Amino acid sequence: MKNFLRTAAVLLSLVCVLSGCAPAFTQIESPDNATALLPLGEEIQLGSEAMEIAKNDRFTMSVDPAFLNIRVTDRLNGRVWSTNQEDPDMDSVALYETIDLLKAQLQLDYYDKNGNWGTMNSYTDCVANGQYTLHAIKNGVAVTYSLGNLSRTVDDVPQKMTGKRFEEKLLSKLTEEEQNQLKEYYNYYEEEDMWSLLKTGRNNFQDILALMDKAGYTPEDLEEDNRIFGLSVSSTSRIGFVVRVYYYLTEKGLTVEIPAEAVEYSEDYLPYDITFLPNFGSQKPSDENQKGFLFLPDGSGALMRFDSNISSSYYYEAPVYGWDEVVSLRSNTRNVSAEATSLPAFGISDGTAGFVAYIADGAANAKITASRAGRNSDQYTVSPIFSLINMDYVTLNGSTSASKTPVFQQDPYTGSFKVEYLILNECDSYVDMAAAFRGHLEANGILKKLETAAADIPFYLETVGGAYGPKSFLGMAYTGVVSTTSYEENITIAEALSEKGVKNLQLRLLGWCNDGYYPDYFGKVKLIGALGGSSGFAKLTEWCEQQGVTLFPDAHLLSGGDGNGFKKDYSARTLDSRYVEGVERMSQSLDMPLYSSWVYSPEHLLTLAESFLDSYDRFGLKNLSLADNGSRLYSDYNDTLSRSYDRAETQRYVEQQNALLTETMDQIMVEKGYLYALSGVDHVVHTATDHSWFLAEDEAVPFLQIVLHGRVSLGSEPINLAADYEEQLLRCAEYGVYPNYQLCYVSTTRLNETDYSENYTACYLDWVDTAADSWTRLNAVLSSVQTATIADHQQLTADVYCTTYDNGVRVYVNYGDAVAEVDGVSVPAYSFCMKKGG
Amino acid sequence: MKTKVLCILLALLLLCCATVSAAPYGSYSYSASSDGPTEVAVPNAYLPTDNLSAVDLGVRLRSPEDLFCDDEGNCYVVDSKLDTLYAFDKDWNLRYTIDRNAPEEARLFMPYGVCVLDGQLYVADKGNKRIAIYSAADGSYIRSIDKLNGAILGDDFVFSPQKLEVSENGSIYVVADGALEGIIEISYNGDFYGYIGSNKTTVSAFELLWRRIFTEEALEKLTRVVPIEYYNIAMDEQGMIYTVTAASEVDSRVKKLNPSGDNVLIEGEMKVEGDYWYETSPSNFVDIAPGNNGDYYILDSNEGRVFAYDEQGNLLYLFGDSGTDQLGSFTDPIALETRGDEVLVLDRGTAAVTVFGITDYARLLNEAQATYRAGEYETSYEQWSEILKLNGNFSLAYDKAGYCQYRMHNWEKAMELFAAGGATEQYSRALEKHRQELLSANFGWVVLALAVVVGGIALLVIRRIRKRAKLSIVDTYYVADSQEPFLKKHFKMAYDTMFHPVDNFWNMRFEKRGSMLAATMFIFLFFLVTIFNRQMRGFIFNPDYGTYLDLGQELRSVAILFALPLISNWSVTTLMDGKGSARDIYCVMGYSLLPTLILIPLVAIVSQGLTLNELAYVNIVDGIAYGWTLLLMVIGIKEVHQYSWLKTICTLLLTVVAAAIILFICLLFFSLLQEIMGFVYSIQKEIVMRL
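Draft legend 1. The arrangement of the sheet that holds strand 6 (residues 84–88) of chain B in detail. Residues and elements named next belong to chain B. Spatial ordering of the open sheet is given by 4-5-6-7, a layout of 4 strands whose pairing is antiparallel. Here the strands that pair on one side only, and so sit at the sheet edges, are strand 4 (64–69) and strand 7 (94–98). This sheet shows a mean twist of 15 degrees between the axes of neighbouring strands, independent of strand direction. The pairing of strand 4 with strand 5 (residues 75–79) spans 5 bridges and is antiparallel. Across the sheet, aspartate 66 pairs through a bridge with valine 78, a residue of strand 5.

Below is the structure:
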């Protein structure tokens, strides 16, 4: 019944939209965080012509009634940015239905309760039928799209009725003529005392509907009749959604927002995701925009250039902030080796002007997709896809058969989806986009420029303390924590490096406590006896303090092993109530995890951090490295908790945990550096310096570095583990990233006898010379730009790249095998150099 | 270090301008371990540098079937759906096309294979049932081989060539559709020489049984056992023919045939079979290409991977992946070619060629192999050590470095490396040399030590004989003095049991001399000895060498080893008028263990210095130890139950049956329990999900 009422409410509101009765929308609850949302003003009636709606110092917004195309004109250069291409019907690629998609502002995918997929778009299922209303808001317009077919069908006609009810509900209220007409469509079976719909009735259901209306037959009556005969009641529920989108101008461009809570749906059809403004600013390649490109946030950043002849069959689609381990492991095993997306940004440039979009809210639930011209349309497009209600299948196994049942996320996302399109009147390169993006983040207080830096660039050293492996005692072997770099051996490695001239060492300790690499639960910190116990650790901390080496013990506060006080209740769960397998290491041949960990529920994160800090306090250390906080984001659908958490919710809890840690600690180091985790963070290691080599992409660009350089200190992926370490060094110079090595004291063979065999070249003796040399070379070019901002990045020749900093320093990197002469500088083959001033 | 600098310099000289840093696929390989091949992380050997789609190549492609690179680096692609051959130069510029617009005699129809030798281009023109020959320079038609001249072929033979290779001496080797007898070897004129290297099918014992039992009709329904056709063929500079077969039920999927058709492929312990672990089906080999130093590359179409093996059949590295959207991943890879340091893969699914470039690591590996083959062991050792620095997970490098050391007569270093690489045989050889050297260096001491040992033993024996002569004949066995300390008493008793089992076991049973505690002690000692033996036995004789020890697991197996026979023997003998109680059987088991307790640790220690040549001795002593113990137990059982020999043997057989029944019931119980738990779990899950 509740189900029905809700459906009825949606239906009612849909009907009200049709009849243009505004009060219906008082039913839409405003979301909790409505502070950001602007109050609705008067309803706007569109004429047949495009209508100007809002205007600020720089931009003008207008709405075209043809398919609610919203245009933003940048009066600085007269360029018009539009949510849809101007003439979809003339598109040379799209046909029939796909043309409708080009006219849509959003596309909504949904599942019914049985897991059947369906899709609707704002043109075919809404605007084309006029099922929308516009309200003025400050600087813009709020559009309410009512998606769905509102006309009644044969399903709204009773299939069977008892003789009594037929008489009572219909015949008694109709004239004799009408009664005869109705009887033509139904046949009476005396034995069962039942009226049953005939085929003629099916074909003339419109007539029956008219008669029903006349007789005052209500949907409740229909449900009752269906119930009596045990007919499927689902036919009474109708597919329909109401989505309201706020479009408004800001000083920098256009902001578009969908409050997720204001998305209305019936319980039988659940919205899965929304592809949002799929065609905003789309570009048709032509002679004028040959220099145009799409910017994608894949790894360090990647470009899709308009002038390359890559096949349009390849496209790009990747989630922001990596894959969700809770959902993706079974249903999405692809791209385990792809780089993650750290910045929720994307952009389009036509070679002279462009925009960069920032997903300000709901990024954790978003994917970014991009297509080359020729795939869906003759245009280059990039857009976000927001996930509303996650879905997965549970397999129920019987003795002989198995069935799949869909399960849905219990509590939908309650925040909003907000994309800020920063429109750039001059944008011929991703550098402009990155600069605008950086400026925007700084203005919002998300990033802060570094004021001071040490004389030398940091050298990041990760040492692997210990891991589980074979050990022996009195000739008897057993399994235990094997010391691969004892606390004091760290000093030996550090000294070996400083002997070779390395300064400003940042020592990150992996596997230093709680049973080593792949550690136990971090509720309390237990030093490892085999590594030298507390006296050894004290010696190390003391030595580091004396020598000015910054020590970053690594803590796992989002995931880890069991033991050390771990309880299963702490773990996050999947949609089908399984505990989450946090993948620590993936088997390449089997497509399954070789090592997995428990992933902690968001509800548990603060408790864990507090209890960890209590225990960590005894070392008197003020620095901390976080293994997961900047590189892992997941949801938790544990139905024993008070609510479920999608990734955007989890993000809030991770941010809280980070806030607690950054408050307590002096310096914090994270991996990868997802944007939300950067506040208060001083060091980001394992920074992406490449893209994922998607065939759809042309090349990697240092977008991430242009945004972050001079804001946080960036360390590379371990250079000794790079596919080509010489090349990785050049990348570091080009991207302004500091060197990072992952080493241990014992031989690699010894390390590989332990559980942690992923590092195939770890022995410090093999790497000390190379590592020190690479630091010295990088220090020579990067030491003077540590607090500077990257002002430009260019490819000068096929092999030579130049990075310009705002303090006038230029770093030239030559990937070629011959000396290159550029800008009056001679760059040695396969090397780099720098030039000051000018 | 000098070598390293040299290598880097060399690498710099050879480096193309490809900019690569992170790989689009995780890099792994396999390393041998006691649980079979294990996946290990390794550095990337090849990285994709380019993806050449039809658009990039400026041609139309629908179903490209084969790719061939000639000696100059020119590449040829045939497309079976477009009936076209494209010839590219080494920079992938189109040179000429043979398509449907060609003169009628030159026109192709469903070409599947292409090959170039001495300026002539051979195409397996399957649809036209011929081999078409063109000039490789400009694609002008020369002639074709339509019909095979050979008496034995029979009238219904249809020549439908699929893939082909041409040898220097003019023979053409053809993989043809329906030619189950093997590869067809024909002359340039089309004379049929014969079939070579037929694929044998393996028939399992079960299948043979079915074939005996089933009726004709039922057999009809079974798949017929016929040889399986080769899928692809390649030829190296020595004229060796490499073949791959896609099906997994043939005897070997990869073959290296000499010109007379014998398979000369060398395989180690880890077979040449692609992925050792897989999700659904084993690697499906579709093409093979020879590389440098006798290496060869095989293409797996299931997972889109290229496997590289050396001449000895050792897996060197592997690369590539399945997928559609990343560079270096394939949907339906069909052809593989090597061109200098490049590896080219043709993907039929995406109609594109992917170029893989070599990394410094693989380049170093090639050099190390070359110097190794050339016998420059010192240089090679340096290179292999450098490889080990870059990849500590590479057992082959340990073996090769060890072999270099062996050749340099550094036996101990060689042994160390062989042990790290798990090379038992080589270790044994190095140990032998090392032992020889030690022996000849310390000959005097060895002789002295031997003399002392032999003398000592002789002395003991003489003393014992004298002592025994003094004792009376009636009381030959040991009678414990109740005053003696526990340990001494029971060890003496067990020792005496070794030589006088009948009397001692009789005493144990009827004079109550045996002690449960002592028996437990012996069993515990046996447990310790098992572990000692597992851990200390020489590398060559120990399959568990260097593996993790699970004490719980060992304890469990010892417990089962004793509990199972105890329970089953007791249950059988109780029914069969046995006089012994469970306690007696337990004592028999415990006291019989002494031979094992003494001999096995000795063997374990001595085996450290033995080589494979002395394997027989080790086995003999092992046999004596266990045999003796077993014999004592049988005699003990007979005595405590007071059985005749016949009855003893009968009850022992029944004991085995009883043990089997107990095991069966346990297994049944556990599997039922598992079923029930699974049932409860799925019910619970269903309730949770449906409500």
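Structure's up, so let's keep going.
Draft legend 2. View of the interface of chain A and chain B. Taken together, the contacts link 64 residues of chain A with 59 residues of chain B. Summing both partners gives a buried area of about 5200 Å² for chain A against chain B, and 53% of it is carried by carbon and sulfur. Here chain A is connected to chain B by 0 salt bridges. For the interface between chain A and chain B, the tally reads 9 residue pairs in polar contact (both at pLDDT 80 or more). If you list the elements that add at least two residues to the side of chain A that touches chain B, you get strand 24 (391–397), strand 25 (402–408), strand 28 (466–473), strand 29 (476–483), strand 33 (582–587), helix 15 (725–735), helix 16 (748–752) and helix 17 (764–782) of chain A.

Draft legend 3. Inspection of the nonpolar core at higher detail. Ranked by size, the top nonpolar core spans 268 residues in total, and within it A:Tyr247 and A:Phe703 carry the most contacts. Other than its neighbours up to four places away in sequence, A:Phe703 contacts A:Phe295, A:Ser300, A:Gly301, A:Leu343, A:Ala345, A:Val356, A:Tyr430, A:Met433, A:Ala434 and A:Phe437. Counting 36 residues, the second-largest nonpolar core is a separate cluster that includes B:Ala132, B:Leu153, B:Phe159 and B:Val174.

Draft legend 4. A look at the pairing of strand 13 (residues 241–249) of chain A. All names here are of chain A. Counting buried positions along strand 13 yields 9 of 9 residues, so the element is predominantly enclosed. Across the two faces of strand 13 the burial is the same, with Phe241, Val243, Val245, Tyr247 and Leu249 and Val242, Arg244, Tyr246 and Tyr248 all buried. As judged from the 8 bridges shared by strand 9 (residues 140–147) and strand 13, these two strands associate in the antiparallel manner. If you follow glycine 140 over to strand 13, its bridge partner there is tyrosine 248.

Draft legend 5. Broad picture of the packing of aromatic side chains. Per the stated rule, a full pass over the model turns up 76 aromatic pairs over all chains. When the ring of A:Trp81 is compared with that of A:Phe355, the centres are 5.5 Å apart and the planes differ by 90 degrees; the resulting orientation is edge-to-face. Of this pair, A:Trp81 sits in strand 5 (residues 79–82) while A:Phe355 sits in strand 21 (residues 354–361); the two residues are 274 residues apart in sequence, bridging distant segments of the chain. A relative accessible area of 1% places A:Trp81 in the buried class. In textbook terms, an aromatic cluster arises when at least three aromatic residues are bridged by ring pairs, as seen for A:Tyr487, A:Trp512, A:Phe522, A:Phe537, A:Phe612, A:Tyr616 and A:Phe619. Above the face of the B:Tyr188 ring, B:Arg143 is positioned so that its terminal group lies 4.5 Å from the ring centre. Positioned over the ring face of B:Phe499 is B:Arg464, at 5.9 Å from the centre of the ring.

Draft legend 6. Broad picture of the side chain of A:Arg711. Residue and element names in this part refer to chain A. Inspection of the secondary structure puts arginine 711 in the loop between helix 14 (703–708) and strand 39 (713–714). The class for arginine 711 is buried, based on a relative accessible area of 7%. From its side chain, arginine 711 meets the backbone oxygen of histidine 709 in a polar contact 3.1 Å long. Dropping the residues within four chain positions of it, arginine 711 is found in contact with Arg438, Glu442, Leu447, Lys448, Lys449, Leu450, Ala788 and Thr789.

Draft legend 7. Structural view of a positive patch on the surface. Residues B:Arg463, B:Arg464, B:Lys467 and B:Arg468 make up a contiguous surface patch of positive charge. Locating B:Lys467 in the fold gives a position in helix 10 (residues 443–470).

Draft legend 8. View of helix 11 (residues 533–547) of chain A. Residues and elements named next belong to chain A. Taking 1.5 Å of rise per residue, the 15 residues of helix 11 would be expected to cover 21 Å, and the 21 Å separating its terminal C-alpha atoms lies within 8% of that figure. For helix 11, the elements touching its buried residues are helix 10 (487–499), strand 30 (505–510) and strand 31 (550–555). Once helix 11 ends, the next one or two residues include glycine 548, with phi positive near 70 degrees.

Draft legend 9. Region of the structure containing the pattern of salt bridges. Residue and element names in this part refer to chain A. If you walk through the whole model with that rule in mind, you get 44 salt bridges over all chains. Put simply, aspartate 89 and lysine 103 hold a salt bridge, and the shortest N to O gap is 3.2 Å. Taken together, the residues aspartate 89 in the loop between strand 5 and helix 2 (97–102) and lysine 103 in the loop between helix 2 and strand 6 (106–112) connect sequence positions 14 residues apart. By relative accessible area, which is 46% here, aspartate 89 ends up partly exposed. As a salt-bridge pair, arginine 810 and aspartate 823 come within 3.7 Å of each other at their nearest N and O atoms. Within this pair, whereas arginine 810 is found in strand 43 (residues 810–814), its partner aspartate 823 is found in the loop between strand 44 (820–822) and strand 45 (825–827), the two being separated by 13 residues in sequence. Among the charged side chains, a salt-bridge network with shared partners connects Glu325, Glu584, Asp628 and Arg632.

Draft legend 10. View of the packing of helix 14 (residues 551–575) of chain B against helix 15 (residues 582–591) of chain B. All names here are of chain B. At a closest axis distance of 10 Å, the pairing of helix 14 and helix 15 adopts a crossing angle of 140 degrees. If you check the angle between helix 14 and helix 15, you find them oblique. When the axes of helix 14 and helix 15 are compared, the crossing they make is right-handed. Listed contacts from helix 15 to Phe562, Pro565, Leu566, Asn569, Trp570 and Thr573 of helix 14 are Ala582, Ile585, Tyr586 and Met589. Its residues assigned to classes, the contact of helix 14 with helix 15 shows 8 nonpolar, 2 polar and no charged.

Draft legend 11. Seen up close, the side chain of B:Asn366. Residue and element names in this part refer to chain B. You can see asparagine 366 is positioned in helix 5 (residues 360–373). Asparagine 366 sits in the buried class, given a relative accessible area of 9%. With residues near it in sequence (within four places) discarded, asparagine 366 still touches Asn292, Asn293, Asp295, Tyr317, Asp341 and Ile358.

Draft legend 12. Here's a closer look at the confidence of the model for chain B. All names here are of chain B. Model confidence for chain B is summarised by a mean pLDDT of 86, while 91% of its residues fall at 70 or above. In this model residues 1–21 is a low-confidence stretch, pLDDT under 50, and it forms 38 contacts with partners more than four residues away in sequence or in other chains. Here the predicted complex scores 0.83 on pTM and 0.83 on ipTM.

The rules behind the values
Residues numbered from 1 in each chain as written. Chains lettered and ligands numbered in written order. Predicted model: local features only at pLDDT ≥ 70, side-chain atom pairs only at ≥ 80, totals over all residues. Heavy atoms only, no water. Pairing = 2+ DSSP bridges. Helix = DSSP H or I, 4+ residues; strand = E, 2+ residues; numbered from the N terminus. Axes fitted to C-alpha atoms, helices over the stretch in contact; angles between N-to-C directions. Contact = heavy atoms within 4.5 Å. Buried area = accessible area lost by both parts, 1.4 Å probe. Salt bridge = Lys/Arg side-chain N within 4 Å of Asp/Glu carboxyl O. Polar contact = N/O pair within 3.5 Å; in protein donor to acceptor, adjacent residues only side chain to side chain. Core = buried A, V, L, I, M, F, W, Y, C linked by side-chain atoms within 4.5 Å. Buried < 20%, exposed > 50% of the residue type's maximum accessible area, 1.4 Å probe, protein only. Phe/Tyr/Trp six-rings, centres within 6.5 Å; stacked < 30°, edge-to-face > 60°. Lys NZ or Arg CZ within 6 Å of the ring centre and 35° of its normal. Patch = residues over 30% accessible without salt bridge, like charges linked within 9 Å, V, L, I, M, F, W, Y side chains within 5 Å. Areas by Shrake-Rupley, 256 points an atom, 1.4 Å probe, with all protein chains shown as cover. Lys, Arg positive; Asp, Glu negative; His and termini not counted. Charge placed at Lys NZ, Arg CZ, Asp CG, Glu CD. Expected span 1.5 Å × (residues − 1). Parallel < 35°, antiparallel > 145°, perpendicular 65-115°, else oblique. Left-handed = near helix turned anticlockwise from the far one by under 90°. Nonpolar A, V, L, I, M, F, W, Y, C, P; charged D, E, K, R; others polar. pLDDT = per-residue confidence, 0-100.

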